[in-house]
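Structural overview for review
Here is how the chains run, residue by residue.
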Amino acid sequence: MTTYLCECIGVSKSGYYNYLKNENKRIERDNKDQKDFELILKAYKFKKRKKGARQIKMVLDNEFNVHFNLKKIRRLMKKFNLNCPIHYKSSICIHQKPY
């Protein structure tokens, strides 16, 4: 029965069993991500000014003495839908002629 269902959805049997086996790891990672995001949110709201990923990293390093990789901060901001409200203009001019 498992083989038939795996064929129907296009998944290998070993992939299905690996998915079942690693469920605890996924739950642990989600819980850790939630705790880390709470720190990121605290840094985001630090001094009542909203910040982007780079400024969050600097606040975490300097004020909270917590060291996160910039990619992890961006991944968690994307996962929990936290956006920086400040957008800067692109430095590329659309109307500029090529050389």
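Keep in mind that this is a model prediction, so the values were computed, not measured.

**Digging into helix α3 (residues 23–44)**
Spacing of three or four residues puts side chains on the same side of an α-helix, whose turn is 3.6 residues. A rise of 1.5 Å per residue sets the reference length of α3, with its 22 residues, at 32 Å; its end C-alpha atoms lie 31 Å apart and thus fit the reference within 8%. Turning to α3, its buried residues are D33, D36, F37, I40, A43 and Y44. For α3, the angular spread of the buried residues around the axis is 120 degrees, confining them to a single face. α3 presents N24, E28 and K35 as exposed residues on the side facing more than 90 degrees away from its buried surface. Close packing links the buried residues of α3 with α4 (53–62) and α5 (70–79).

**Topic: unusual backbone geometry**
Located in the positive-phi region is K47, a residue other than glycine, with phi close to 60 degrees. Here K47 shows up in the loop between α3 and α4. Owing to a relative accessible area of 62%, K47 belongs among the exposed residues under this scheme. A positive phi is found at N65, a non-glycine position, where the angle reads about 55 degrees. Within the secondary structure layout, N65 lies in the loop between α4 and α5.

Reading guide: rules and limits
- Residues numbered from 1 in each chain as written.
- Predicted model: local features only at pLDDT ≥ 70, side-chain atom pairs only at ≥ 80, totals over all residues.
- Heavy atoms only, no water.
- Helix = DSSP H or I, 4+ residues; strand = E, 2+ residues; numbered from the N terminus.
- Expected span 1.5 Å × (residues − 1).
- Buried < 20%, exposed > 50% of the residue type's maximum accessible area, 1.4 Å probe, protein only.
- Arc of directions from axis to C-beta.
- Contact = heavy atoms within 4.5 Å.

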